[in-house]
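Residues per chain, in single letters:
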Amino acid sequence: MNNILHIHQVIFLIEQHNEQWTPEELVEAIGNTWGTDVRFGSCSGNAFPKEHALNFLLERRKVVLSDEGKIALHPTMQICNGHEDF
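Residues numbered from 1 in each chain as written. Predicted model: local features only at pLDDT ≥ 70, side-chain atom pairs only at ≥ 80, totals over all residues. Heavy atoms only, no water.

1. Thoughts on the overall build of the protein
Line of reasoning, step 1. Scanning the protein for helices and strands turns up three helices and five strands.
Line of reasoning, step 2. Secondary structure elements of the protein occur, N-terminal to C-terminal, as β-α-α-β-β-α-β-β.
Line of reasoning, step 3. Put simply, the protein has 86 residues, and 41% of those count as buried.
Line of reasoning, step 4. Within the protein, contacts between residues at least 6 apart in sequence are counted, and of these 60% link residues at least 24 apart.
Line of reasoning, step 5. Roughly 5300 Å² of accessible area belongs to the protein as shown, and the carbon and sulfur atoms make up 45% of that amount. (Helix = DSSP H or I, 4+ residues; strand = E, 2+ residues; numbered from the N terminus. Buried < 20%, exposed > 50% of the residue type's maximum accessible area, 1.4 Å probe, protein only. Contact = heavy atoms within 4.5 Å. Areas by Shrake-Rupley, 256 points an atom, 1.4 Å probe, with all protein chains shown as cover.)

Now the structure itself:
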C-alpha cells in the first residue's frame, strides 16, 4: 500500500499521450507505468485504485472523452495551485 501517487501524475501521463487511449488502455498504461498496485490521492481525499482515476478526472472536468472514445485533457482544465510542476 506504499505505492501512492498524486492524481496529477495521471493528468501528466494523459497530456503526454493526448487522445491516444481508451479508458481501458489508460488503466493498462497506468499499471505499466507505476505498477498494478498503484493508488492515487488527491488534494481533497483518500487514495483510490487506478481503476477509479478516470472517473475522478471526468467528474472534476480535468479530462473528457472524444467522440472516438479517446481520453483528452478538458480544454479548460487547470491544475490546482502547488502542483503545476509535480
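Still to come is the rest of the account.
2. As for the packing of helix α1 (residues 8-16) against helix α2 (residues 23-34)
Line of reasoning, step 1. Two elements in contact, α1 and α2, have axes separated by 11 Å at closest approach and are oriented at 110 degrees. Comparing the axis directions of α1 and α2 gives the class roughly perpendicular. Relative to α2, the crossing made by α1 is right-handed. Judged by residue contacts, Gln9, Val10, Leu13 and Ile14 of α1 engage Leu26, Ala29, Ile30, Thr33 and Trp34 from α2.
Line of reasoning, step 2. Tallied by class, residues from the contact of α1 with α2 come to seven nonpolar, two polar and no charged. (Axes fitted to C-alpha atoms, helices over the stretch in contact; angles between N-to-C directions. Parallel < 35°, antiparallel > 145°, perpendicular 65-115°, else oblique. Left-handed = near helix turned anticlockwise from the far one by under 90°. Nonpolar A, V, L, I, M, F, W, Y, C, P; charged D, E, K, R; others polar.)

3. With respect to the sheet that holds strand β2 (residues 39-42)
Line of reasoning, step 1. Spatially, β1-β2-β3 is the arrangement adopted by the three strands of the open sheet, whose pairing is mixed. Two strands lie at the open edges of the sheet, namely β1 (4-6) and β3 (45-49), each paired on one side alone. Here the strands of the sheet are splayed against their neighbours by 35 degrees on average, with no regard to which way each runs.
Line of reasoning, step 2. Pairing analysis gives three bridges linking β1 to β2, with the strands arranged parallel. Bridging from a neighbouring strand, Ile4 pairs with Arg39 of β2. (Pairing = 2+ DSSP bridges.)

4. Some words on the pattern of salt bridges
Line of reasoning, step 1. Applying the stated rule across the entire model yields three salt bridges.
Line of reasoning, step 2. The salt bridge involving Glu51 is made with Lys50; its shortest N-O contact spans 2.9 Å.
Line of reasoning, step 3. By relative accessible area, Glu51 is classed as partly exposed at 45%.
Line of reasoning, step 4. Here Glu59 ties to Arg60 by a salt bridge, and the two come within 3.5 Å at their closest N and O atoms.
Line of reasoning, step 5. Taking relative accessible area as the criterion, Arg60 reaches 39% and is therefore assigned partly exposed. (Salt bridge = Lys/Arg side-chain N within 4 Å of Asp/Glu carboxyl O.)

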